[in-house]
Every structure is written in C-alpha cells, then in structure tokens.
Amino acid sequence: MTKTAVIICPGRGTYNKDELGYLGRHHGNRARQLAEFDAYRQSQGQPTLSALDAADRFSAARHTSGDNASPLIYAASLFDAQAVADDYDVLAVTGNSMGWYSALAVAGAMSAAAGLQIVNTMGTLMQERMIGGQTLYPFVDDNWVPKPGLRDQLLALVAKISARPDHALDISIHLGGMLVVAGDEAGLTAFEDAVAPQGGRYPMRLPGHAAFHTGLQGPVSEAGKARLAVDLFENAKLPLIDGRGAVWQPGTYTATELWDYTIGHQVLETYDFTGAVQVAAHSFAPDVFIITGPGTTLGGAVAQSLLACDWDAISTKDAFLARQAEAPLILSMGREDQRASVVGA
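Notes on the structure in this doc start here. Just so we're clear, the structure is a prediction, and the values are computed from it rather than from any experiment.

Before going further, it helps to spend a moment on helix H5 (residues 66-82). Taking 1.5 Å of rise per residue, 17 residues should cover 24 Å, and H5 covers 24 Å from first to last C-alpha, within 8% of that figure. Burial runs high along H5: 15 of the 17 residues are buried.

Put into structure tokens, the structure is as follows:
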C-alpha cells in the first residue's frame, strides 16, 4: 500500500561517533556517486568523504568541523533519500538549517554534484571564518508541553541583550521545543548567564557552530555568492518548504530567486524549522514524515513542531509515543528499527 510522505533532511551536528561508517554501512551501492564526490573533495585539497567515513576512530576535531561535517551529512542525507522505497509517494521536501542544501538536491533543484559543491563551499566558508556561535535552550517540559510564558520570556531576553552596545544576539533556529540562539561571545555569555540551568545540560553551547542564520554571517553570504553561480540551481521536481515556511512549487520561480534565497536570506535570517514542519503538515498532510540520516536527534524537534499545532490531535510526548507505537507518524532512517520500513528492497 502506497503511503504519502514528506522528506526532512537534518543539519549540522548529526554525524557523530555513532554515525562513523554510515556511508559504508548503508550505501555501498552508491560507490560510483561517492567516488565523484571524493574526486571533487580531492580537487579542493580536502580529505575524501570515503576516508573520513572509514576512519578507524571518530575525531571530533576532524569529523565535526564544518568543512568535513557538512558534506558528510549531505552525502548521507542524499543517499538515504535516494534509497526510500518506491511505495512511498514523496509530496515535498524540507530540511533543518544546513539540511536545506540537502533538500534542494533531494527535490531536484540541483544535481547531486552541484549540491555537494554548494554545501562544501558554504561549510568551508563558515569553518574558515567561524563568526560567533550558538547556544541551545528548551522552553518545554519533559512531556514536551510548553512551560507557560517561557518562550516569550526568552524572545524578550534575546531582544534585550541584542540592544546592548557591543552585544550581538538573535534567534538562529526555531527548533520544535527549543530555541537555538546565536551571536557573538558577549551576547551568548549574557544569555547563558541570564537563563536558569535546566536538566544539567542547558543552556548548551554547540561546539564548532558559528552564528548561523544571523546578520553576523554577512561575509559568508557575500563570499558564497561570489563563488557559487546561479546556474548551479534549477527548478525543482518536488515542492520545497524553506526556512520561512514558504513553499517553492515547481515552475513558479527562477533559478536566480532560489540562489538568492539560499545564499542570502537563508544564511542571514532566522530559520523557522518549526514553521517549515507545520507547513508541511498542513499543506501536504502526509501519512508519514521521513527523516533522512545521519543521526537520530531531529525526531524530537519534528514531533514537538507537530505537537505545537496539535497535529492529528496529538499534544503531548506520551500521546505521540502511543501514536508511534500504533501507526508511526515519523520514520527516522538513522534508526535501524525504523530504517527497515523505509528502504526499498
């Protein structure tokens, strides 16, 4: 029986120790495509994805740096999307942050090679410049129910700190029940000092992450536009849902518009992943949301985004888990138990 699906591609921070060898374990049949990716990396004087993925041990410094992590995640996401069984009718594609680049290739808005060039270039530029950083902070309780007033308080706090002289701070990503806050060191430290510690984990500074999706990335956007040509982009074959929650329907936009959004607005402005998931739900009403690998961390944010709009009358974590046990709404390809029901024979 055919099921409808929206594909969601993850962003940075999803290729970690447990994901080492992901390409080799799951995509040995993509050897020719991976060899093309490796040849491009060699032409840039960078280690190949094959070598990084097949390393004897995981190195945080090597595997999580933007110039290496971004293309590793892109290859895993793209190959996973290509492996989705034919009995899923894919209605649209979206992604979280860097996952937008992967979504473009998955939806056919560029070739696989062009997608690698874009993600590799942008990941390298951000790593080289490393402007600012990111901190993660939740506003929901353990049952994924929003704590009364906390989200608004956090937004007000960010605005207050950003108004201080010599402080840069903004919302980087709306990520389900969490806010990803980005800024310079002064802004981030002020935020972290002002909020109450939660669960011994938060506020959580994200290592190796720049101030993505803020105006601090102006130099990265400018350099990206200088290096990446418009003709890398084309009209997608599937609808795309971007970081504003806007839907790019095939045949309704130009390559220049997509290029300008991707390397301009998408780099410089807040990425509303929560809104993108909710638009995917309301506009396409899929039977399932398929999250490509690598990693398994995005499932919670997708579920929390759906809970926030009371999708399918699910409003708590317990209700969501009960629904998952009965008829899964989210299928994460980074989880072996869920991957088996997604991948074609």
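So, about the sheet that holds strand S2 (residues 88-95). Read from one edge of the open sheet, six strands run S8-S7-S2-S1-S10-S11, paired in mixed fashion. The open sheet has two free edges, formed respectively by strand S8 (247-248) and strand S11 (330-332), since each of these has just one partner strand. Note that strand S7 (residues 240-241) and S8 share two bridges and pair antiparallel. Counted as the bridge partner of Ile 241 is Val 247 from S8.

What follows concerns empty space enclosed by the protein. Enumeration according to the criterion identifies two cavities of 30 Å³ or more in this entry. Here the largest cavity defines a volume of roughly 110 Å³. The element contributing the most residues to the lining of the largest cavity is helix H7 (residues 112-129), with four residues. Of the residues in the lining of the largest cavity, the class split is six nonpolar, five polar and one charged. Here the second largest cavity is characterised by a volume of approximately 30 Å³. Along the walls of the second largest cavity sit Pro 10, Thr 14, Ile 291, Thr 292, Pro 294, Gly 295, Thr 296, Thr 297, Leu 298, Gly 299 and Ser 332, which together make up its complete lining. For the lining of the second largest cavity, a count of residues per class yields four nonpolar, seven polar and no charged.

Below, the discussion takes up unusual backbone geometry. Following Tyr 202, the chain continues to Pro 203 via a peptide bond in cis, the omega torsion being 5 degrees. Locating Pro 203 in the fold gives a position in the loop between helix H9 (185-194) and strand S6 (204-205). That bond from Gly 293 to Pro 294 is cis: its omega, 5 degrees, falls within 30 degrees of zero. Take Pro 294: it is sitting in the loop between strand S10 (288-291) and helix H13 (298-308). The backbone of Met 130 shows a phi angle near 40 degrees, a positive value even though the residue is not glycine. The topology assignment puts Met 130 in the loop between H7 and strand S3 (133-138). Backbone geometry at Trp 144 places phi at a positive 65 degrees, although glycine is not the residue there. Judged by its relative accessible area of 15%, Trp 144 is buried.

Conventions used here
- Residues numbered from 1 in each chain as written.
- Predicted model: local features only at pLDDT ≥ 70, side-chain atom pairs only at ≥ 80, totals over all residues.
- Heavy atoms only, no water.
- Helix = DSSP H or I, 4+ residues; strand = E, 2+ residues; numbered from the N terminus.
- Expected span 1.5 Å × (residues − 1).
- Buried < 20%, exposed > 50% of the residue type's maximum accessible area, 1.4 Å probe, protein only.
- Pairing = 2+ DSSP bridges.
- 1 Å grid on protein atoms, 1.4 Å probe; cavity = no way out; pocket = protein on both sides within 12 Å on 5 of 7 lines; lining within 4 Å.
- Points joined across faces, edges and corners; volume = space filled by probe spheres on them.
- Nonpolar A, V, L, I, M, F, W, Y, C, P; charged D, E, K, R; others polar.

Nothing here speaks to function; it is geometry throughout.
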